[in-house]
Amino acid sequence: QLLLVESGGGLVQPGGSLRLSCAASEFNFDDYTIGWFRQAPGKEREAVSCISFSDYNTYYANSVKGRFTISRDNAKNTVYLQMNSLKPEDTAVYYCAANKYATVQAICAMYPVVQPDYWGQGTQVTVSS
């Protein structure tokens, strides 16, 4: 059973930055494609960004392209989401999720038709002045 734990959320002013971390318990972490998803109040959960298990291929939602950067450190079993130029509409609970041997298209582009196998508990990000 893969355990995912998010951290790094908080309150930030518009234009500010945050870095989220997703730490995994799995020994074979580098077999997993990891994605970041978010859910704002009253809205459906959406895919934000994914990074593949093999070639580090990435996916970004149009709403975050050029502002967010996903990366992974397999030695630390951790995936990061660097969020810059934050906007109030980025306010949401951010979740990381994982699938073994999946493509970023399968995890991010096809969400919610395709559901990740493992989810973290989420971390709140609030962008407000």
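Within every chain, residues take consecutive numbers counted from 1 along the sequence as written. Per-residue local features are limited, in this predicted model, to residues with pLDDT of at least 70; the limit for side-chain atom pairs, both in listing and counting, is 80 or more; totals at the level of whole chains, interfaces and linings are taken over all residues. Side-chain measures were taken over the full set of non-hydrogen atoms in the model, leaving aside hydrogen atoms and water.

Chemist: Is there a simple way to think about the pairing of strand β4 (residues 32-39) in this case?
Modeler: Consecutive side chains along a regular strand alternate between the two faces of the sheet. Of all the eight residues making up β4, seven are buried; the element is thus mostly covered by neighbouring parts of the structure. One requirement defines pairing of two strands: DSSP has to find at least two bridges between them. Going along the chain from the N terminus, every DSSP run of H or I of four or more residues is numbered as a helix, and every run of E of two or more is numbered as a strand. Judged from the eight bridges that link them, β4 and strand β9 (residues 92-100) form a sheet pairing that is antiparallel. Residue pairing across strands places isoleucine 34 opposite alanine 98, the latter belonging to β9. Here five bridges tie β4 to strand β5 (residues 46-51), and the two strands are oriented antiparallel to one another. Across the sheet, residue phenylalanine 37 finds its bridge partner in β5, namely alanine 47. Count of turn residues in the β4/β5 antiparallel hairpin: six residues, of which glycine 42 carries a positive phi of about 75°. Relative accessibility decides the category of a residue: with a 1.4 Å probe and only protein chains considered, values under 20% of the type maximum give buried, values over 50% give exposed, and everything between is partly exposed.

Chemist: I would appreciate a short explanation of the sheet that holds strand β3 (residues 18-24) in the present structure.
Modeler: Paired through backbone hydrogen bonds, the strands of a sheet run either parallel or antiparallel to each other. The strand order across the open sheet built from four strands is β1-β3-β8-β7, with neighbouring strands paired in antiparallel fashion. Each having just a single partner strand, β1 (4-7) and β7 (68-73) make up the two edges of the open sheet. Recorded for the sheet is a direction-independent mean angle of 15° between the axes of neighbouring strands. As judged from the six bridges shared by β7 and strand β8 (residues 78-83), these two strands associate in the antiparallel manner. Residue pairing across strands places phenylalanine 68 opposite methionine 83, the latter belonging to β8. Only the stretch in contact is used when fitting a helix axis, every axis being a line fitted to C-alpha atoms; angles between N-to-C directions are given from 0 to 180 degrees.

Chemist: What is the right way to read the environment of alanine 102 from this model?
Modeler: Here alanine 102 is to be found in the loop between β9 and α1 (104-109). Along the backbone, alanine 102 and threonine 33 are 69 residues apart, and their C-alpha atoms lie at a distance of 5.8 Å. We call two residues contacting when some pair of their heavy atoms lies within 4.5 Å. Non-local contacts of alanine 102, meaning those with residues more than four positions away in its chain, are made with Thr33, Phe53 and Ile107.

Chemist: Quick question: what am I supposed to make of the state of the cysteines here?
Modeler: Between two cysteines, a covalent bond joining their sulfur atoms is known as a disulfide. Only a pair of cysteine sulfur atoms within 2.5 Å qualifies as a disulfide here. In total, this model carries two disulfides according to the counting rule given. For cysteine 22, the disulfide goes to cysteine 96, at an S-S distance of 2.1 Å. One quick way to see it: the torsion about the S-S bond of cysteine 22 and cysteine 96 is about 65°, and its sign makes the bridge right-handed. With cysteine 22 in strand β3 and cysteine 96 in strand β9, the pair connects residues that are 74 residues apart, well separated along the chain. Both residues of the pair, cysteine 22 and cysteine 96, belong to the buried class.

Chemist: Sorry, what's going on with the pattern of salt bridges here?
Modeler: Any two side chains of opposite charge can pair, so long as their charged atoms come close to each other. The term salt bridge refers to a side-chain nitrogen of Lys or Arg lying within 4 Å of a carboxyl oxygen of Asp or Glu. Considering all chains together, one arrives at three salt bridges under this definition. With a shortest N-O distance of 2.6 Å, glutamate 46 and arginine 38 are connected by a salt bridge. A residue is classified by how much of its surface remains accessible, and glutamate 46, at 33% relative accessible area, is partly exposed. Owing to a relative accessible area of 5%, arginine 38 belongs among the buried residues under this scheme. Salt-bridge contacts for aspartate 90 lead to arginine 38; the nearest nitrogen and oxygen are separated by 2.9 Å.

Coordinates in, geometry out; function isn't part of it.
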